[in-house]
Amino acid sequence: PNSYYMDPSDPCYDVCHRLITDMTKFGVCVLDNFLGKEKGLLVRNEVLEMYRLGIFTAGQLVSNPGSTEAQTVRSDLITWIDGKEPHCQYIKQLITQVDNIVLRANKMANNGRLGDYFINGRTKAMVACYPGSGSHYVKHVDNPNKDGRCITAIYYLNLDWDVKSCGGLLRVFPEGQNQVADIAPIFDRMLFFWSDRRNPHEVQPAYRTRYAITLWYFD
Ligand SMILES: O=C(O)CNC(=O)c1n[nH]c2ccccc2c1=O
Ligand SMILES: [Fe+2]
């Protein structure tokens, strides 16, 4: 069939429709209140507990620019989760929820292709923590060389996050547009964007501990 029918009374319908529309028009989609406060807090607590248990490892090493000694500035800390680990049941539920939406939006899009992709898999969930000491991520493209990743999906966990005092803004520079997209990493916000060169982006220096969970979908 051209595209599989989804009943508009289905609660997922609106979200899937938003995802298709925004990704087609902007290549970026922001969904707020994604899980709801209660479930969002349960996911957040699992991540904070993991951080307390010290299972995060250093993400990228950023050498001190211009420094003489070889010391490196720790930037983001990360850990990879498939959801089967102990004390990750709510992270697993988040992953399942995002899978449902991406896969059903993929089927619902015309002739079953979301942005001309046929999504057929994803990475594990990468839980990232930016310690608040000005840690950041320089402007980059997630998938510059066709490694198969097509959609970046990020879930933010940061309560009462005010970019003016906490920093940590995600700034996307959509290719070919002179308009940037500034996305605050606020609690229970779900973000999707094309992982390729259409969306260079940076994480500006964070002055409070900043948590996010990222999934990359493959086509
Ligand atoms: O947290 C955000 O708002 C955006 N985050 C990113 O773009 C981002 N992109 N690529 C990575 C690769 C390895 C470790 C962390 C990352 C990472 O936070
Ligand atoms: Fe990125």
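Before reading on, note that the structure itself is shown above.
Overview of the structure. (Residues numbered from 1 in each chain as written. Chains lettered and ligands numbered in written order. Predicted model: local features only at pLDDT ≥ 70, side-chain atom pairs only at ≥ 80, totals over all residues. Heavy atoms only, no water.)

## Remarks on the coordination of the iron ion (ligand 2)
Alright, step 1. Only His140 (NE2), Asp142 (OD) and His201 (NE2) from the protein reach the iron ion (ligand 2) as donors, at distances of 2.1 to 2.2 Å.
Alright, step 2. The motif formed by the donor residues of the iron ion (ligand 2), counted along the single chain, is H-x1-D-x58-H. Here His201 lies in strand β13 (residues 201–206) and Asp142 lies in the loop between β8 (135–140) and β9 (149–156), a separation of 59 residues in the sequence. Assigned by exposure class, Asp142 and His201 land together as buried. (Donors = N, O, S within 2.8 Å, 3.2 Å for Na, K, Ca; no water. Helix = DSSP H or I, 4+ residues; strand = E, 2+ residues; numbered from the N terminus. Buried < 20%, exposed > 50% of the residue type's maximum accessible area, 1.4 Å probe, protein only.)

## Digging into the site of ligand 1
Alright, step 1. For ligand 1, the set of nearby residues contains 13 residues, the closest of which are Tyr130, His140, Tyr156, His201 and Arg210.
Alright, step 2. A distance of 2.6 Å separates an oxygen atom of ligand 1 from a polar atom in the side chain of Tyr130.
Alright, step 3. Looking at the shell around ligand 1, the elements with two or more residues in it are β7 (125–130), β8, β9 and β13.
Alright, step 4. Residues of the shell around ligand 1, tallied by class, amount to eight nonpolar, two polar and three charged. (Near = heavy atom within 4 Å. Polar contact = N/O pair within 3.5 Å; in protein donor to acceptor, adjacent residues only side chain to side chain. Nonpolar A, V, L, I, M, F, W, Y, C, P; charged D, E, K, R; others polar.)

## A closer look at the pattern of salt bridges
Alright, step 1. Under the counting rule described, the total for this entry stands at 10 salt bridges.
Alright, step 2. Between Asp10 and Arg104 there is a salt bridge whose closest N-O contact spans 2.3 Å. Here Asp10, found in the segment before α1 (11–25), pairs with Arg104, found in helix α3 (residues 89–108); they are 94 residues apart in sequence, far enough to count as distant.
Alright, step 3. The partly exposed category is assigned to Arg104, whose relative accessible area is 25%. (Salt bridge = Lys/Arg side-chain N within 4 Å of Asp/Glu carboxyl O.)

## Considering the side chain of Asn199
Alright, step 1. Mapped onto the elements of the fold, Asn199 is located in the loop between β12 (189–194) and β13.
Alright, step 2. Judged by its relative accessible area of 2%, Asn199 is buried.
Alright, step 3. Non-local contacts of Asn199, meaning those with residues more than four positions away in its chain, are made with Gly27, Val28, His140, Val172, Pro174, Phe193 and Trp194. (Contact = heavy atoms within 4.5 Å.)

## Topic: the environment of Ser133
Alright, step 1. By the element assignment, Ser133 lies in the loop between β7 and β8.
Alright, step 2. With 75 residues separating them along the chain, Ser133 and Arg208 place their C-alpha atoms 7.2 Å apart.

## Considering the nonpolar core
Alright, step 1. Residues Phe34, Ile91, Val98, Ile151, Tyr155, Phe192 and Ile213 are the most contacted members of the largest nonpolar core, which totals 44 residues.
Alright, step 2. Broken down by element, this core gets its largest block of residues, eight residues, from α3.
Alright, step 3. Counting 14 residues, the second largest nonpolar core, distinct from the first, contains Tyr130, Ile154, Val172 and Val203. (Core = buried A, V, L, I, M, F, W, Y, C linked by side-chain atoms within 4.5 Å.)

## Some thoughts on the environment of Pro131
Alright, step 1. For Pro131, the position within the fold is in the loop between β7 and β8.
Alright, step 2. Once the C-alpha coordinates of Pro131 and Thr209 are considered, the two residues, 78 residues apart in sequence, prove to be 4.6 Å apart.
Alright, step 3. Among all residues touching Pro131, those that are not within four sequence positions of it are Ser75, Asp76, Leu77, Ala206 and Thr209.

## Thoughts on the pairing of β13
Alright, step 1. For β8 and β13, the ladder comprises three bridges, and the chain directions are antiparallel. Paired with His140 across the two strands is His201, which belongs to β13.
Alright, step 2. Sheet analysis places strand β10 (residues 170–172) next to β13, joined by three bridges and oriented antiparallel. Following the sheet pairing, Leu170 is matched in β13 by Val203. (Pairing = 2+ DSSP bridges.)

## Side note on helix α2 (residues 37–52)
Alright, step 1. Compared with an ideal rise of 1.5 Å per residue, which puts 16 residues at 22 Å, α2 spans 22 Å between its outermost C-alpha atoms and is within 8% of the ideal.
Alright, step 2. Residues Gly40, Val43, Arg44, Glu46, Val47 and Met50 constitute the buried set of α2. With its buried residues spanning 155° around the axis, α2 presents them on a single face. Counted as exposed and oriented over 90 degrees from the buried face of α2: Lys37, Glu38 and Arg52.
Alright, step 3. Looking at the packing, one finds that the buried side of α2 touches β5 (77–81), α3, β7, β9 and β14 (210–218).
Alright, step 4. Gly54 sits one or two positions beyond α2 and adopts a positive phi of about 70°. (Expected span 1.5 Å × (residues − 1). Arc of directions from axis to C-beta.)

So yeah, pure geometry; function would need other evidence.
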